[in-house]
Amino acid sequence: MLSYLFPGQGSQVKGMGKDLFKKYEDLVKTADQILGYSIEELCVHDSKNLLGQTQYTQPALYTVNCLMYLNKIHENNLKPDFLAGHSLGEYCALFASEVFDFETGLKLVKKRGEIMSKAKEGGMAAVIGIDAEKVNEIIKQNQLENNIDIANLNSPYQIVISGAKKAIENAKTIFEASGAQMYIPLKVSGAFHSRMMTDARDEFAGFINDFKFSEPMIPVISNVTARPYEKTEIKNLLTEQITHSVKWTETIRYLMGKENFESEEVGPGNVLTKLVEKIISEAEPLYIEEEKKAEIATNADGNSAENNVQSFLGSDEFKKRYNLKFAYVTGAMYKGVASAPLVIEAAKNGMLSFFGTGGLSLNEVEKSIENIQANVNGITSYGMNFLHNPDNPSMEEKLVDLYLKYQIPNIEIAAFMNITPALARLRIKTLEKKGDSVVSKIKLIAKISRPEIAEACLRPVPEKIIQKLINEKQITQQEADLAKKYPIADDICAEADSGGHTDGAVAFALLPAIQKVRDDIVKEYEYKEKIHIGLAGGIGTPQAAAAAFMMGADFILTGSINQCTIEAGTSDEVKTILQDIDVHNTEYAPAGDMFEMGAKVQVAKKGILFPARANRLYELYRQYNSLEEIDAKTIKQLEEKYFGRTLQEIYEDCKRYWNEVDPWEIEKAEKNPKCKMAMIFKWYFGYSTRAALNGDIKEKVNFQIHCGPALGSFNQWVKGTQLESWKNRNVAKIGEKIMNSAAELFWEKLKTIKI
C-alpha cells in the first residue's frame, strides 16, 4: 500500500518549487490573488526574509506541497492508497484526497497561519532519546503539567513539547537530568499544538464553519486520531489539531499495519522520510480491525440517515436489475470513444456502461466484445450500443446477429426514428417464457429525446413487423407470441440536450413528459415488470445529478464528461481541448450519418471551425440540387479551405469506399446529382472525425468532437483540483464522486427542512 506524506512547518527552504510555478500558472495566479502577494517571489527568492514567519510559511508550504503532488501524479499517473500530512501538511493531504479544492485549502491555511502567528508567548522543544510515556512521567513528577503539553510524537524517541516560554526554557535541565539524550529548543513563534493555542483554535472554528467539504476520495490519516478521516469529522479535527498532539508515530504504525507498506514524501526536504525510517526501526506495526463510524445518527432500523439519502439516488430495483452499486450509467460514444477500457473500468466499479459502436466495422465491434468479455470477470453490468443506421440497414441486421451470438447482457438502442425490422428481431429473439411470465434475457435501454419515440419503444413490436419477420422465417410463431405483450424497451433514458445527436430538449420538460407516457402505456398493457425512466443530457456535476433524482429519474446517464478521461478512446489532443472548454463552447452542426434528414449533433467549437464549415455545407445542400449549380468561387473555397483536395478526388475516395460496402450507393450518386453532392459533403464529416480521433494537430480546425455543455460545467466544478487535468480523470472515480457528492447535497438540504 503506497502512502504519500506531506511535511509541515520547518521543511520550508528558499528556492522550493521553483520549477513548478510556470507549469501551474493558473493555480499560482489564484494563490497570488488570495494571498495578496507573489507566492513565487516568496518561495523562490524571499527577498524580504518572510519565509520563516508563520503567516507566510504555511501558505508557502501548502502551495508547494500541492504543486509537487499534482506534478507527481502528472508524471507517474499513480495515485496513493493512503495520505497523511504532518500538522500543516494535513491540509495538503486533504487537498490530494479531494476533500476541498486548492483555493479552499489555501484560504484555510492562510487564516490558520495568520491566527497562529498571533501566539507570541510560547515556545517548543524537541526531546530526544526518551519515549512519550517517560516524557509524560517527567512532566507530572516535576509539576509541569499546567504549563507544558506534548505537541508532536514524531518518532518513538523524538517527542516535541510545547508550552509557556519560560517553562520550556527551565525544563531543559530537568529533561537532561532525567535521561534525555538531547533537548533542543525550536525556533518557533508560538506554543503550537498546545493549550496555549486555545484562542487560535476558537477563532479558526468560527472561520472554518462557513466551508463545505467532500468525502475523502483517498483515506487521509488524521493527526489527532491517527485514524482515517470521516467526512463529518473534518471541521472538528482540523480545528482540534491546533491544540492537540500530532500523533505521527501512531499514524505511521497504522500505515505499517497495511499490506506492503511503502511511503513517499511529497514536499521539500526529507524530514518525514527520516522519521519514517526511525519509526520502522523502533516500533511495531499497528493492526486494527476497523469499523466505519456512523457519519450521522442511526435510525431504528440500524441504517444511517446518509444511507437513506443514498437510496433516493435512483431506483433500487434498477440497481438490482443490472447488478449495480450506483444508479449511474455511462453512455455510448461513437467510434469507440466509449472504449473497451472505459466500459471495463466502469463495470468493475458498480456502474452500467455501454461501448460506442457507431462508425466501427463489424470486425472492430466483435474484437471489442471479446476484449470486454475477457476482462469483466463475469460481471454483467456492461453492454453495447445499437445505433440506427438509415444509410446501411444491413449493418443493423449484422449487429443483431453479433449481439445474439455473444449474448450481450445489455444493449443501448439510440437514434431510432421508428421501429426497424432489425430492432424488432433483436427484441423478439431476447425474450423467453419463465413460468407464466415473459422475461428478457438481454435488457434493452432505449435512449430517446421525443415522447412519440418513447411511446413506440414502450409498446410491443408492431404486428405488421412481426408478420413480416414470420414470413421471412426470421422468427417463429412461438417467438412472435411472446412479443405481443412485452415492450420493445425494458427501460428508457430520456436524453435532453447533449453532445452528439440531439434534439435540444430541455430536461425539466422532457423527463415528466416521458414519465407520463410510460405511466399511460403501462396502464394500457398492464405490464408486470417496472419500466424505469432515467435522464441524460447536461449532467456533469453533483447539482445536476441531484436535480435529476429529485425529478424522479430512476438513473442518470453521463456522456460528454467521460470522453475526457484516461480510458476514453480518443486522442490526447482532443482530451486537452476538452479539459479547457466552458459551458458556452459548444455548437450545433449537421449529423454526418443523417445529413440529408437535417439531424443535428452538438460539438465543441473552441478554436475549431468544424461547426461553421459543416453548417455551411448543409446550407449549400439545401440551396442547390447539384454541385454544378454552385458558383466557382464557393467551389474553390470548399476545395482549398475546407477539404484540402478537389471534389473529384473526394468522389473517387467515396467510390472506393462504397464499392466495398454497398455499391448501390454509387449507382444512386451517378443517377442523382443531389445524392452525389451529399456523398461528397458527407466525406468531410468522416474526415473531420478521423482527424480528431487520430490527433492530427495540423487539422485541428477541422476536428469534429461531439460534446455537450455538461463537460464545461464539470470542468468548472473540478477546477483547482487534481481532476482539472484529464490525465487524472478516471471514469469510475468521476461517477462515484458525482454520486457521493449528490448524496451529500441531498443530506445537507434535508437537514434544513423543518417538519
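Parameters at a glance
Residues numbered from 1 in each chain as written. Predicted model: local features only at pLDDT ≥ 70, side-chain atom pairs only at ≥ 80, totals over all residues. Heavy atoms only, no water. Helix = DSSP H or I, 4+ residues; strand = E, 2+ residues; numbered from the N terminus. Buried < 20%, exposed > 50% of the residue type's maximum accessible area, 1.4 Å probe, protein only. Contact = heavy atoms within 4.5 Å. Areas by Shrake-Rupley, 256 points an atom, 1.4 Å probe, with all protein chains shown as cover. Salt bridge = Lys/Arg side-chain N within 4 Å of Asp/Glu carboxyl O. Phe/Tyr/Trp six-rings, centres within 6.5 Å; stacked < 30°, edge-to-face > 60°. Lys NZ or Arg CZ within 6 Å of the ring centre and 35° of its normal. Pairing = 2+ DSSP bridges. Axes fitted to C-alpha atoms, helices over the stretch in contact; angles between N-to-C directions. Core = buried A, V, L, I, M, F, W, Y, C linked by side-chain atoms within 4.5 Å. Domains from an automatic or database assignment. Left-handed = near helix turned anticlockwise from the far one by under 90°. Nonpolar A, V, L, I, M, F, W, Y, C, P; charged D, E, K, R; others polar. Patch = residues over 30% accessible without salt bridge, like charges linked within 9 Å, V, L, I, M, F, W, Y side chains within 5 Å. Parallel < 35°, antiparallel > 145°, perpendicular 65-115°, else oblique.

A. Structural view of the overall build of the protein. Across its full length, the protein holds 30 helices and 21 strands. For the C-alpha atoms alone, the extent of the protein along its principal axes is close to 105 × 70 × 50 Å. Residue burial in the protein is summarised as follows: out of 755 residues, 56% are buried. For the protein, long-range pairs separated by at least 24 residues make up 74% of all intrachain contacts whose partners lie at least 6 apart in sequence. Accessible surface for the protein amounts to roughly 32500 Å². Of this, 49% is attributable to carbon and sulfur atoms.

B. Fine view of the pattern of salt bridges. Here the structure, examined in full by the defined rule, presents 36 salt bridges. With a shortest N-O distance of 3.0 Å, Arg227 and Glu250 are connected by a salt bridge. Of this pair, Arg227 sits in the loop between strand E7 (220–221) and helix H9 (234–240) while Glu250 sits in helix H10 (residues 248–256); the two residues are 23 residues apart in sequence, bridging distant segments of the chain. According to the relative accessible area criterion, Glu250 is partly exposed, its value standing at 24%. Two residues, Glu472 and Lys468, come together in a salt bridge whose shortest N-O distance is 2.8 Å. Three or more residues joined by partner-sharing salt bridges are found here, namely Lys111, Lys118 and Glu203.

C. Structural context of the packing of aromatic side chains. Inspection of every chain in the model, using the stated rule, returns 28 aromatic pairs. Between the aromatic rings of Tyr37 and Tyr56, the centroid separation amounts to 5.3 Å while the plane-to-plane angle is 50°, which identifies the pairing as tilted. Of the two residues, Tyr37 sits in the loop between helix H1 (25–35) and helix H2 (39–45) while Tyr56 sits in helix H3 (residues 54–76), which places them 19 residues apart along the sequence. Between the aromatic rings of Tyr657 and Trp658, the centroid separation amounts to 5.0 Å while the plane-to-plane angle is 80°, which identifies the pairing as edge-to-face. The exposure class of Trp658 is buried, given its relative accessible area of 16%. What links up through ring pairs into an aromatic cluster is the set Phe595, Phe610, Tyr618, Tyr621, Tyr642, Phe643, Trp683, Tyr684, Phe685 and Tyr687. Sitting over the face of the ring of Tyr621, Lys674 holds its NZ or CZ atom 4.3 Å from the ring centroid.

D. Quick look at the sheet that holds strand E2 (residues 82–85). Across the sheet, four strands lie side by side as E7-E2-E1-E8; this open sheet has parallel pairing. The sheet terminates laterally at E7 and strand E8 (262–265), the two strands that pair on one side only. Both strand E1 (residues 2–6) and E8 contribute to a ladder of four bridges, which runs parallel. Paired with Ser3 across the strands is Ser263, a residue of E8. With respect to the sheet, helix H4 (residues 89–96) is in contact with E1, E2 and E7, its orientation differing from that of E2 by roughly 155°.

E. View of the nonpolar core. In terms of nonpolar packing, the biggest core is built from 160 residues, with Phe386, Ile492, Phe643 and Phe681 touching the most fellow members. The biggest single contributor to this core is helix H28 (residues 673–694), with 11 residues. A domain split of this core shows at least three residues from each of domain 3 (316–570) and domain 4 (583–704). What Phe681 contacts, discounting residues up to four positions off in sequence, is Phe595, Leu617, Leu620, Tyr621, Leu627, Ile630, Leu638 and Phe643. With 64 residues, the next largest nonpolar core counts Met16, Leu51, Leu83 and Val160 among its residues.

F. Quick peek at the sheet that holds strand E15 (residues 443–448). The strand order around the closed barrel built from eight strands is E9-E10-E11-E12-E15-E16-E18-E19, with neighbouring strands paired in parallel fashion. Mean inter-strand twist for the sheet, computed between neighbouring axes without regard to direction, equals 25°. The strands that helix H14 (residues 340–348) touches are strand E9 (328–330), strand E10 (352–355) and strand E11 (382–387); relative to E10, the one it contacts most, it runs at about 170°. Packed onto the sheet, helix H17 (residues 421–429) meets E11, strand E12 (410–414) and E15 and runs at close to 150° relative to E11.

G. View of H10. Most of H10 sits inside the fold, with seven of its nine residues counted as buried. Within the sequence span of H10, burial applies to Trp248, Thr249, Thr251, Ile252, Tyr254, Leu255 and Met256. For H10, the elements touching its buried residues are E1, E2, strand E4 (148–155), E7 and helix H11 (271–282).

H. Inspection of the packing of H3 against H4 at higher detail. One can describe the packing of H3 onto H4 by two numbers: an axis separation of 9 Å at closest approach and a directional angle of 35°. Between H3 and H4 lies a crossing of right-handed hand. When H3 is examined against H4, the residues Leu61, Tyr62, Asn65, Cys66, Tyr69 and Leu70 are found in contact with a partner set consisting of Tyr91, Cys92, Phe95 and Ala96. When its residues are assigned to classes, the contact of H3 with H4 shows nine nonpolar, one polar and no charged.

I. Broad picture of the environment of Val583. As for its placement among the helices and strands, Val583 is situated in the loop between helix H23 (572–578) and strand E20 (586–590). Ignoring anything within four residues of it in the chain, the contact list for Val583 reads Pro709, Gly712 and Ser713.

J. Looking closely at the pairing of strand E3 (residues 122–128). Counting buried positions over the seven residues of E3 gives seven, a clear majority of the element. Here E3 shows a buried face lined by Gly122, Met124, Ala126 and Ile128 and a second buried face lined by Gly123, Ala125 and Val127. Sheet analysis places E3 next to strand E5 (residues 158–164), joined by seven bridges and oriented antiparallel. For Ala126, the partnering residue across the bridge sits in E5 and is Val160.

K. Structural context of the domain arrangement of the protein. Entries for the protein in the domain assignment read domain 1 (2–118 + 196–282), domain 2 (122–191), domain 3 (316–570) and domain 4 (583–704). Using C-alpha coordinates to define each centre, domain 2 is positioned 78 Å away from domain 4.

L. Fine view of the environment of Ser263. For Ser263, the position within the fold is in strand E8. Accessibility expressed as a relative area gives 28% for Ser263, which makes it partly exposed. Separated by 179 residues in the primary sequence, Ser263 and Ala84 place their C-alpha atoms 10.0 Å from one another. When residues no more than four places from it in sequence are discounted, the contact partners of Ser263 are Leu2, Ser3, Leu5 and Val276.

M. Quick peek at H4. In terms of residue burial, H4 counts as a mostly covered element, since eight of its eight residues are buried. Here H4 has its buried residues at Gly89, Glu90, Tyr91, Cys92, Ala93, Leu94, Phe95 and Ala96. Positive phi shows up at Glu98, right after H4, with a value of about 70°.

N. Structural context of a nonpolar patch on the surface. Taken together, the side chains of Met182, Ile184, Leu186 and Val188 make up a nonpolar region of the molecular surface, amounting to roughly 290 Å² of accessible area. Within the element layout of this structure, Ile184 appears in strand E6 (residues 182–185). Residue class for Ile184 comes out partly exposed when judged on its relative accessible area of 34%.

O. Layout of the side chain of Ser97. With respect to the element layout, Ser97 can be found in the loop between H4 and helix H5 (102–117). Residues within four places of Ser97 in sequence aside, it is in contact with Leu83, Glu215, Pro216, Met217, Ile218 and Val220.

P. Quick peek at the packing of helix H24 (residues 610–623) against H28. Where H24 contacts H28, the two axes come as close as 10 Å, and the packing angle between them is 175°. With respect to H28, the element H24 is oriented roughly antiparallel. Residues Phe610, Arg613, Ala614, Leu617, Leu620, Tyr621 and Arg622 of H24 form the contact with H28, whose participating residues are Lys674, Met677, Ala678, Phe681, Tyr684, Phe685 and Ser688. Its residues assigned to classes, the contact of H24 with H28 shows 10 nonpolar, one polar and three charged.

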